[in-house]
Amino acid sequence: MPENLTPDWSSEFEHYKKLSREVVTNEDIINFFNQHQKAFYLDSFASSWSKMMEAYEVKESLSSDQLNKLEEMQWQEMPDSLKLFAYDFCIKKGFCFTGTSS
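Residues numbered from 1 in each chain as written. Predicted model: local features only at pLDDT ≥ 70, side-chain atom pairs only at ≥ 80, totals over all residues. Heavy atoms only, no water.

## Examining the packing of aromatic side chains
Move 1: Counting across every chain of the model gives twelve aromatic pairs.
Move 2: Between W49 and W75, the ring centres sit 5.1 Å apart and the planes meet at 35 degrees, which makes this aromatic pair tilted. Within this pair, whereas W49 is found in helix α3 (residues 48-59), its partner W75 is found in the loop between α4 (64-72) and α5 (80-92), the two being separated by 26 residues in sequence.
Move 3: Judged by relative accessible area, W49 falls into the buried class, the value being 12%.
Move 4: Looking at W75, the relative accessible area reads 10%, which means it is buried. (Phe/Tyr/Trp six-rings, centres within 6.5 Å; stacked < 30°, edge-to-face > 60°. Helix = DSSP H or I, 4+ residues; strand = E, 2+ residues; numbered from the N terminus. Buried < 20%, exposed > 50% of the residue type's maximum accessible area, 1.4 Å probe, protein only.)

Structural data, given as structure tokens:
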């Protein structure tokens, strides 16, 4: 594959880091979640999304059936509590996004 066609993960992280710096309120977090699904999967080496889902399952005391239903939902239909939790876990505290907010 030609070099100019290979993905540049660092520029994608920088793009989402820049966008996340504008996130202040819970409404901003929900909008970020709804509009930037890819940002939650960029840190694939650390399996951030699956680790976040495991942590959310424990926090919310979900059954495996409830967790499966969540995972089968359309992205924007997921509950706001999950969106807020995912942003905090994957973006705000995510390894690749360290330093996105104060």
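## A look at the pattern of salt bridges
Side chains that carry opposite charge are capable of pairing whenever their charged atoms lie near each other.
Move 1: A complete count under the given rule lists four salt bridges for this structure.
Move 2: Between K93 and D88 there is a salt bridge, with its nearest N and O atoms 3.1 Å apart. (Salt bridge = Lys/Arg side-chain N within 4 Å of Asp/Glu carboxyl O.)

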